[in-house]
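Each chain is listed here by its residues.
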Amino acid sequence: MSTLTIAMAADHAGFDLKELLKSELRLDGRDVLDLGTDSTESVDYPDYGHALAAEIRDGRAGRGIVVCGTGIGISIAANREPAVRAAVVHDVTSARLTRQHNDANVIALGSRLIGPEVAKECVKVFLETPFEGGRHGARVAKLGR
Ligand code: RB5
């Protein structure tokens with residue numbers, strides 16, 4: 001069991017996938033901080049992207065998973081916070097490479113673009129793949145915090 005806290009946030013379009021992923025993570029013994037939304041009632045994705053970014057910035061979560069219809073809007077919102085490196089990921093290779101090369105601390109998933117099994121695999125790889133460091137370390141440092 002990991003002590004890493006994983007923050008999760010989604011808008012109405014991402015709610016169902018967030019719930020599914022949250023259940024899987026908790027079954028695996030992961031510590032999950034759910035920031036909402038709590039239903040499929042329409043909400044604004046920036047509110048949830050910003051909320052998750054604050055958890056990363058303030059150290060209450062080490063990793064984040066955000067979900068909206070495409071993963072794009074909520075990733076843009078989260079990336080406004082310099083402490084966040086959020087990558088939109090819709091395949092396992094991207095999930096692996098964004099950990100190895102970008103040290104991504106947040107992944108963004110598009111519930112309207114991928115199925116639940118791919119999403120689960122992306123999350124697993126995102127959580128288990130270490131940053132490679134080396135030449136990538138200097139590049140990530142140039143991104144800011
Ligand atoms: C909501 O309809 C949709 O615009 C949102 O979930 C997301 O895809 C935005 O980027």
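Relevant structure appears above.
Residues numbered from 1 in each chain as written. Predicted model: local features only at pLDDT ≥ 70, side-chain atom pairs only at ≥ 80, totals over all residues. Heavy atoms only, no water.

**A short note on the site of the ligand**
The environment of the ligand is formed by Asp11, His12, Ala13, Tyr45, Cys68, Gly69, Thr70, Gly73 and Arg112. Within the backbone of Thr70, an N or O atom sits 3.1 Å from an oxygen atom of the ligand. At a separation of 3.0 Å, an oxygen atom of the ligand approaches a polar backbone atom of Gly73. For the ligand, whose unbound accessible area comes to 290 Å², protein coverage reaches 72%. Residue composition of the shell around the ligand, by class: three nonpolar, four polar and two charged. (Near = heavy atom within 4 Å. Polar contact = N/O pair within 3.5 Å; in protein donor to acceptor, adjacent residues only side chain to side chain. Areas by Shrake-Rupley, 256 points an atom, 1.4 Å probe, with all protein chains shown as cover. Nonpolar A, V, L, I, M, F, W, Y, C, P; charged D, E, K, R; others polar.)

**A closer look at the environment of Glu132**
By the element assignment, Glu132 lies in the loop between helix H5 (116-128) and helix H6 (135-142). Residues in contact with Glu132, not counting those within four places in the same chain, are Arg99, Gln100 and His101. Within the structure, the side chain of Glu132 is placed 3.4 Å from the side chain of His136, a separation counted as a polar contact. (Helix = DSSP H or I, 4+ residues; strand = E, 2+ residues; numbered from the N terminus. Contact = heavy atoms within 4.5 Å.)

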